[in-house]
Amino acid sequence: MTVLLEFRERIRGFYGKYEIYLLPVIKFLVAFSAFSMINYRIGYMERLNSLSLLLILALVCSILPTAVMLLSAGVLITLHLYALSMPACVIMAVLLAVMYLLYFRFTPHDAYNALLAPMAFALGIPYALPAANGLLQQPVSVIPTACGVIAYYFVEGLAANETGLKAVGEEDELIARFQEIIKQLAGNREMYLTLAIFVATAVVVYVIRRLSIDYAWTVAIVVGMLMQYIGFFAGYLEIGQSSMTMRLTVGCAVSVILLLVIQFFCFNLDYMRTERVQFEDDEYYYYVKAVPKRYVPAKAKTVKKISGDRRGRGSVTREELIEDMDIDMGDE
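Residues numbered from 1 in each chain as written. Predicted model: local features only at pLDDT ≥ 70, side-chain atom pairs only at ≥ 80, totals over all residues. Heavy atoms only, no water.

On to the environment of G43, then. Considering the arrangement of structural elements, one finds G43 in the loop between α2 (19-42) and α3 (51-63). Separated by 36 residues in the primary sequence, G43 and L79 have C-alpha atoms spaced 9.5 Å apart. (Helix = DSSP H or I, 4+ residues; strand = E, 2+ residues; numbered from the N terminus.)

Let us look at the pairing of strand β1 (residues 275-280). With respect to burial, β1 is a largely exposed element, only zero of its six residues being buried. Taken together, the six bridges between β1 and strand β2 (residues 285-290) define a ladder with antiparallel strand orientation. Bridged to Q278 within β2 is Y287. The hairpin turn running from β1 into β2, its antiparallel successor, is four residues long. (Buried < 20%, exposed > 50% of the residue type's maximum accessible area, 1.4 Å probe, protein only. Pairing = 2+ DSSP bridges.)

Okay, a negative patch on the surface next. Side chains of E280, D281, D282 and E283 sit close together on the surface and give a patch of like negative charge. For E280, the location among the structural elements is in strand β1. (Patch = residues over 30% accessible without salt bridge, like charges linked within 9 Å, V, L, I, M, F, W, Y side chains within 5 Å. Areas by Shrake-Rupley, 256 points an atom, 1.4 Å probe, with all protein chains shown as cover. Salt bridge = Lys/Arg side-chain N within 4 Å of Asp/Glu carboxyl O. Lys, Arg positive; Asp, Glu negative; His and termini not counted. Charge placed at Lys NZ, Arg CZ, Asp CG, Glu CD.)

The next subject is helix α8 (residues 142-160). Taking 1.5 Å as the rise per residue, α8 with 19 residues should run 27 Å; its terminal C-alpha atoms sit 27 Å apart, in good agreement. Burial of α8 is extensive: 15 of the 19 residues sit out of reach of the surface. (Expected span 1.5 Å × (residues − 1).)

If you look at the biggest cluster of nonpolar residues, it comprises 67 residues, and the most contacted ones within it are F35, L81, F154 and F232. Sorting elements by how many residues they give to this core places α8 first, with 10 residues. Contacts of F35, omitting those with residues within four sequence positions, involve L54, L57, A58, C61, M69, S72, A73 and L76. (Core = buried A, V, L, I, M, F, W, Y, C linked by side-chain atoms within 4.5 Å. Contact = heavy atoms within 4.5 Å.)

For the coordinates displayed, the defined rule picks out one salt bridge. With a closest N to O distance of 2.9 Å, R41 and E156 form a salt bridge. Taken together, the positions of R41 in helix α2 and E156 in helix α8 put the pair 115 residues apart, joining distant regions of the chain.

Where α8 meets helix α11 (residues 189-209), the closest approach of the two axes is 10 Å, and the angle between their N-to-C directions is 165°. When the axis of α8 is compared with that of α11, the two are roughly antiparallel. In terms of crossing hand, the pair formed by α8 and α11 is right-handed. Here V142, T145, A146, V149, I150 and Y153 of α8 come into contact with α11, specifically with E190, M191, T194, L195, F198, V199 and A202. Residue composition of the contact of α8 with α11, by class: 10 nonpolar, two polar and one charged. (Axes fitted to C-alpha atoms, helices over the stretch in contact; angles between N-to-C directions. Parallel < 35°, antiparallel > 145°, perpendicular 65-115°, else oblique. Left-handed = near helix turned anticlockwise from the far one by under 90°. Nonpolar A, V, L, I, M, F, W, Y, C, P; charged D, E, K, R; others polar.)

Our next topic: the packing of aromatic side chains. Inspection of every chain in the model, using the stated rule, returns 12 aromatic pairs. Relative to Y153, the ring of Y152 has its centre 5.3 Å away and its plane inclined at 75°; by these criteria the two rings are edge-to-face. You'll find Y152 and Y153 in the same group, each marked buried. Each member of the aromatic cluster is reached from another via a ring pair, and the members are F121, Y127, Y152, Y153, F198, F232 and Y236. (Phe/Tyr/Trp six-rings, centres within 6.5 Å; stacked < 30°, edge-to-face > 60°.)

Despite not being glycine, Y215 shows a phi value in the positive range, around 55°. For Y215, a relative accessible area of 41% gives the class partly exposed.

Roughly 900 Å³ of internal volume is contained in the largest pocket. What lines the largest pocket is a set of 24 residues, and nearest its centre among them are I26, V30, L116, L136 and I262. Sorting elements by how many residues they give to the lining of the largest pocket places helix α6 (residues 111-123) first, with six residues. For the lining of the largest pocket, the class distribution of residues is 18 nonpolar, four polar and two charged. Considering only enclosed or pocket space, the second largest pocket measures out at about 630 Å³ in volume. Lining the second largest pocket are 30 residues, with I38, A73, I77, P118 and A151 sitting closest to its centre. Elements supplying a minimum of two residues to the lining of the second largest pocket: α2, α4 (66-84), α5 (86-106), α6 and α8. Here the residues of the lining of the second largest pocket sort into 25 nonpolar, three polar and two charged. (1 Å grid on protein atoms, 1.4 Å probe; cavity = no way out; pocket = protein on both sides within 12 Å on 5 of 7 lines; lining within 4 Å. Points joined across faces, edges and corners; volume = space filled by probe spheres on them.)

This is how it looks when you write it as structure tokens:
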């Protein structure tokens, strides 16, 4: 454990020292990954499927506020859907506008949640997101996560029916496509199941990790993941998607590991040294529970220089060497 704590302090110290350089790099990697996944999944407009374009766009997003990254991803999705179908493009533009307004109204600093949600679904570990929202943020931070979930299911539904959407028809057929796309999104039972479980998980995890109990974060992680596993397992059986249970099991297991890593870096307490303090003033009695953090300072390497020329001689005696090296010879 000591080795892990020292490693953690080295990582945190390194990030704190070079944050001004590391933050743009992290933003660049997130932006480039998000844009690449968008092009890979719905790359309908050939002009946008350019590596140089993605690199330039990600580089611009790395030096601008996070909201620009979210806006760029939305524009990229809309342009790809424009190449697929006008109704799909219009509906997606409206959805993104509503999501963007909700994002600015409630959680203007949590744009990463909306970007990470589709990426987590693509990697098979979306279950870590609502629990991480509850551990690290306020429950309202699940709003951009929910926006990302809606965008993901909308795009996945369009990609599954792209053949029918590409055909060009008359005005009546165009209206029918609008209705079909809206009906497909509104009737997506899996999306509603995911939204309900994610919101409930974020709230429950937040409430538990705020409790004054030992191992609050660990309990919150376990309860949150059990809620998701049981909820999704029963939900998949109900909507006839029992084949998703294996993916659910693996995804939840990996998500638990990720959440424990987050806990180790953000909230690692030593409950064996808990102290309880009681004091009073003129109006109140105070009962305080103090739990120290696990902390081991990183070992600093010291180099001791031994001079080879002392008192004009070119050699060092045994006694002088012992004195320079601070060696305790005992009674010798």
